[in-house]
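The primary structure of each chain is shown beneath.
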Amino acid sequence: MPKRRPLRTVLPAVLAAVLTGAGLSAAPPVSASRPAGHAATRAVMGAIVRGGVPGVLGRAREGGRIWTASSGVADLRNRRAPRPGDRFRIGSNTKTFIATVVLQLEAEHRLALGDTVEHWLPGVVHGNGHDGSRITVRQLLNHTSGIFNYTDDPVLSAKFFGKDFPRHRFDTYRPRELVRTAMAHRPVFAPGTGWSYSNTNYILAGMIIEKVTGHSYATEIRHRIIKRLGLHSTIVPGTSPRIPRPAEHGYMKLPGESPGTPLHDVTAMNPSVAGSAGEMISSAGDLQAFYRALLRGRLLPKRQLDEMLTTVDTGVREIGRYGLGIDEQRLSCGTTVWGHGGGIPGFLSLVNSTRDAGHTAVFSVNAYGFVFDIFALLEAEFCGKAPAPQARAVPGAPAPGFR
């Protein structure tokens with residue numbers, strides 16, 4: 001790839017919107033279940049909560065040993081701690097599910113990664129320099145298409161990540177409408193000549209799944225992954241605004257509000273604005289089960305799994321290398337982990353695993369709007385390193401995206 005571009009949406013290391021800790025009482029102490037240990041991970045989680053985030057939930061699995069811990073609260077009204085079975089919005093962790101379905105279809109010879117977008121979606125990607133006949137399915141999945149990220153559109157960004165969110169949180173968006181928003185802007189670069197994270201890529205991938213199968217991507221995810229693995233806490237909600245109980249509450253603060261303004265409970269929202277780029281709901285245990293099955297070859301044949309794990313350099317330290325709906329990060333201790341991050345109003349999440357799925361970890365933060373070093377959680381859990389000062393969450397400016 002001769003040219004690389006920086007990420008044009010929210011980074012997993014800069015999971016930000018506009019939230020402050022004002023109005024929050026002191027967080028409860030960190031609570032943990034068996035086994036003992038994971039002191040560095042607990043310390044990072046506590047540091048993030050002390051920065052003003054309502055709550056953090058962590059779950060790790062090493063072999064047959066499962067560890068869970070929480071810091072802060074899942075609900076500011078009743079002050080209860082986050083629980084291992086709580087559901088939460090997973091944002092762009094949805095992308096790994098979408099990429100898995102696309103690769104399953106390739107294994108069934110129903111599409112090819114080299115197929116063009118134009119072949120499956122004639123006339124959809126065009127205008128302002130966009131040309132679907134020059135963009136492949138692979139380039140959608142690894143973000144080398146150059147297609148403009150629709151969540152970077154100023155009007156849409158203001159509606160769903162800014163001060164207009166309360167008036168628009170229940171609006172319904174259709175995939176073609178989101179793609180048209182992207183097509184109103186110039187591409188970031190010519191297809192295959194750079195890397196830039198674009199939610200539009202995965203809206204298009206969801207549309208291709210529907211064109212190939214005749215079913216919605218939600219139906220295919222339920223049939224091929226959720227039911228197959230028994231992921232009872234995982235759903236594709238469509239336009240439904242609620243999160244089935246038990247669930248964490250999600251919070252954010254709107255731009256321009258004074259420090260003393262209470263946080264907004266944004267648990268209920270219409271996630272169709274995220275669609276196949278980030279609408280799903282799950283739990284820590286279900287996400288671990290999904291990654292264990294995926295990396296151990298239960299969902300994809302070897303050739304397709306190898307394709308998923310074939311990565312390109314992103315030019316972005318916090319992401320490392322990106323495959324097909326999954327990223328690869330090499331930590332300071334030499335351990336390489338595979339996973340994804342997710343952000344949507346009210347929630348941030350992170351899923352990572354060693355290649356053999358022997359050590360997996362999931363973290364959920366029930367707030368959108370803090371900047372903190374997400375690497376601190378990975379370094380703590382997979383390397384045992386104590387948190388650096390920058391692990392502490394601080395208020396950040398809004399950054400649109402379901403990442």
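Numbering of residues starts from 1 in each chain and follows the order in which that chain's sequence is written. It should be noted that, the model being predicted, local features are given only for residues of pLDDT at least 70 and side-chain atom pairs only at 80 or more, the latter also being counted only at that level, while totals for whole chains, interfaces and linings use all residues. Excluding hydrogens and water, the side-chain figures rest on all heavy atoms present in the structure.

Numbered from the N terminus, helices here are DSSP runs of H or I no shorter than four residues, and strands are runs of E no shorter than two. Helix and strand content of the chain: twelve helices and 17 strands. In the chain, buried positions account for 61% of the 403 residues. By sequence separation, contacts in the chain at least 24 residues apart represent 73% of the contacts at least 6 residues apart. Put simply, the chain shows about 14,200 Å² of open surface, and 52% of that area lies on carbon and sulfur atoms. Three exposure classes are used, based on accessible area relative to the maximum for each residue type with a 1.4 Å probe and protein chains only: buried under 20%, partly exposed in between, and exposed over 50%. Here, residues are in contact when the closest pair of their heavy atoms is within 4.5 Å. Note that accessible areas follow from Shrake-Rupley with a 1.4 Å probe, and for residues the cover is restricted to the protein chains shown.

Extensive coverage of strand S3 (residues 65-72) is indicated by the burial of six of its eight residues. Hairpin connection between strand S2 (residues 55-62) and S3: a loop of two residues separates the two successive antiparallel strands, and Gly-63 in this loop has a positive phi of roughly 65°. Note: two strands are recorded as paired if DSSP finds a minimum of 2 bridges between them.

On to the state of the cysteines. Our working definition of a disulfide is a cysteine sulfur pair at a distance within 2.5 Å. According to the stated counting rule, one finds one disulfide in the structure shown. Disulfide pairing places Cys-333 opposite Cys-383 at an S-S distance of 2.0 Å. Taking the sign of the S-S torsion, about -65° here, the bridge from Cys-333 to Cys-383 comes out left-handed. Residue Cys-333 is found in the loop between strand S12 (327-330) and strand S13 (336-344), and its partner Cys-383 is found in helix H12 (residues 375-383); the two are separated by 50 residues along the sequence.

Put simply, two rings from Phe, Tyr or Trp (the six-membered ring, in Trp's case) pair if the centres are within 6.5 Å, and we call them stacked under 30 degrees between planes, edge-to-face over 60, tilted for the rest. Taken as a whole and judged by the stated rule, the model has seven aromatic pairs. Between the aromatic rings of Phe-160 and Phe-165, the centroid separation amounts to 6.4 Å while the plane-to-plane angle is 75°, which identifies the pairing as edge-to-face. Counting every residue linked through ring pairs, the aromatic cluster contains Phe-97, Phe-290 and Tyr-291.

Here we take up the pattern of salt bridges. When charged atoms on two side chains of opposite charge get close, those side chains can pair. A carboxyl oxygen of Asp or Glu within 4 Å of a side-chain nitrogen of Lys or Arg is what we treat as a salt bridge. With the rule as written, the count across this model stands at eight salt bridges. For Arg-80, the salt bridge is made with Asp-86, and the minimal N-O distance between the two is 3.1 Å. This pair shows no difference in class: Arg-80 is buried, exactly as Asp-86 is. Arg-224 is the partner of Glu-220 in a salt bridge, and the nearest nitrogen-oxygen pair spans 2.6 Å. One end of the pair, Glu-220, and the other, Arg-224, are both in helix H9 (residues 217-229), four residues apart, so they sit about a helical turn from each other. With a relative accessible area of 10%, Arg-224 lands in the buried category. Salt bridges sharing partners connect three or more residues here, namely Glu-108, Arg-110, Glu-220 and Arg-224.

All right, on to the pairing of S2 then. With six of eight residues buried, S2 is to be regarded as a mostly interior element. As paired strands, S2 and S3 are joined by eight bridges and run antiparallel to one another. The residue of S3 that forms the bridge with Arg-61 is Ile-66. Here S2 pairs with strand S15 (residues 359-365) via seven bridges, running antiparallel. Opposite Glu-62, over in S15, you have His-359 as the bridge partner.

Mapped onto the elements, Thr-151 comes out in the loop between helix H4 (137-141) and helix H5 (154-161). Whenever a nitrogen or oxygen atom comes within 3.5 Å of another N or O atom, the pair is scored as a polar contact, on the condition that within protein one atom can donate a hydrogen and the other can accept it, and that pairs from neighbouring residues in sequence are kept only if both atoms are in side chains. Of note is the side chain of Thr-151, whose polar atom sits 3.0 Å from the side chain of Asn-149. A polar contact of 3.1 Å, which involves the side chain of Thr-151, links it to the side chain of Asn-199.

A helix is expected to span 1.5 Å for every residue after the first. Between its first and last C-alpha, helix H1 (residues 39-50) extends 16 Å over twelve residues, near the 16 Å set by a 1.5 Å rise per residue. When H1 is considered as a whole, its buried residues turn out to be Ala-40, Thr-41, Val-44, Met-45, Gly-46, Ala-47, Ile-48 and Val-49. Each element contacted by the buried residues of H1 is listed here: S2, S3, S15 and H12. Remark: Gly-52 follows H1 within two positions and exhibits a positive phi of approximately 120°.

A fitted line through C-alpha atoms represents every axis, and for helices the fit uses only the stretch in contact; the resulting angles, taken between N-to-C directions, go from 0 to 180 degrees. Relative to each other, helix H2 (residues 94-107) and helix H8 (residues 199-213) sit at 40°, their axes nearing to 10 Å. Considering the angle they form, H2 stands oblique to H8. For the crossing formed where H2 meets H8, the hand is left-handed. Here H2 contributes Lys-95, Ile-98, Ala-99, Val-101, Val-102 and Leu-105 to the contact with H8, which in turn contributes Asn-199, Tyr-202, Ala-205, Gly-206, Ile-209, Val-212 and Thr-213. By the definition adopted for this analysis, an angle is roughly parallel if under 35 degrees, roughly antiparallel if over 145, roughly perpendicular if from 65 to 115, and oblique otherwise. Helix crossings get a hand from a simple test, with the near helix turned counterclockwise from the far one by less than a right angle marking a left-handed crossing and a clockwise turn marking a right-handed one.

Mapping Ala-184 onto the fold places it in the loop between helix H7 (175-183) and H8. C-alpha of Ala-184 to C-alpha of Asn-128: the two residues are 56 residues apart in sequence and 6.6 Å apart in space.

Next up on the list: unusual backbone geometry. The residue after Arg-245, namely Pro-246, is reached through a cis peptide bond having omega -5°. Among the structural elements, Pro-246 can be located in the loop between H9 and strand S7 (251-252). Within the chain, His-143 stands out as a residue other than glycine whose phi angle is a positive 65°. By the element assignment, His-143 lies in the loop between H4 and H5. The class for His-143 is buried, based on a relative accessible area of 0%. A positive phi angle, close to 60°, is found at Ala-357, a residue other than glycine. Mapped onto the fold, Ala-357 is located in the loop between strand S14 (347-353) and S15.

Turning our eyes to something else, we now look at the confidence of the model for the chain. Confidence along the chain averages 88 in pLDDT terms, with 86% of residues attaining 70 or more. One confidence number per residue, pLDDT, is output by the predictor and ranges from 0 to 100. Of the regions scoring below 50 in pLDDT, residues 1-29 engages in 124 contacts with residues more than four places distant in sequence or in other chains. Counting contacts from residues 31-36, a segment whose pLDDT is below 50, to residues more than four positions away or on other chains yields 15 contacts.

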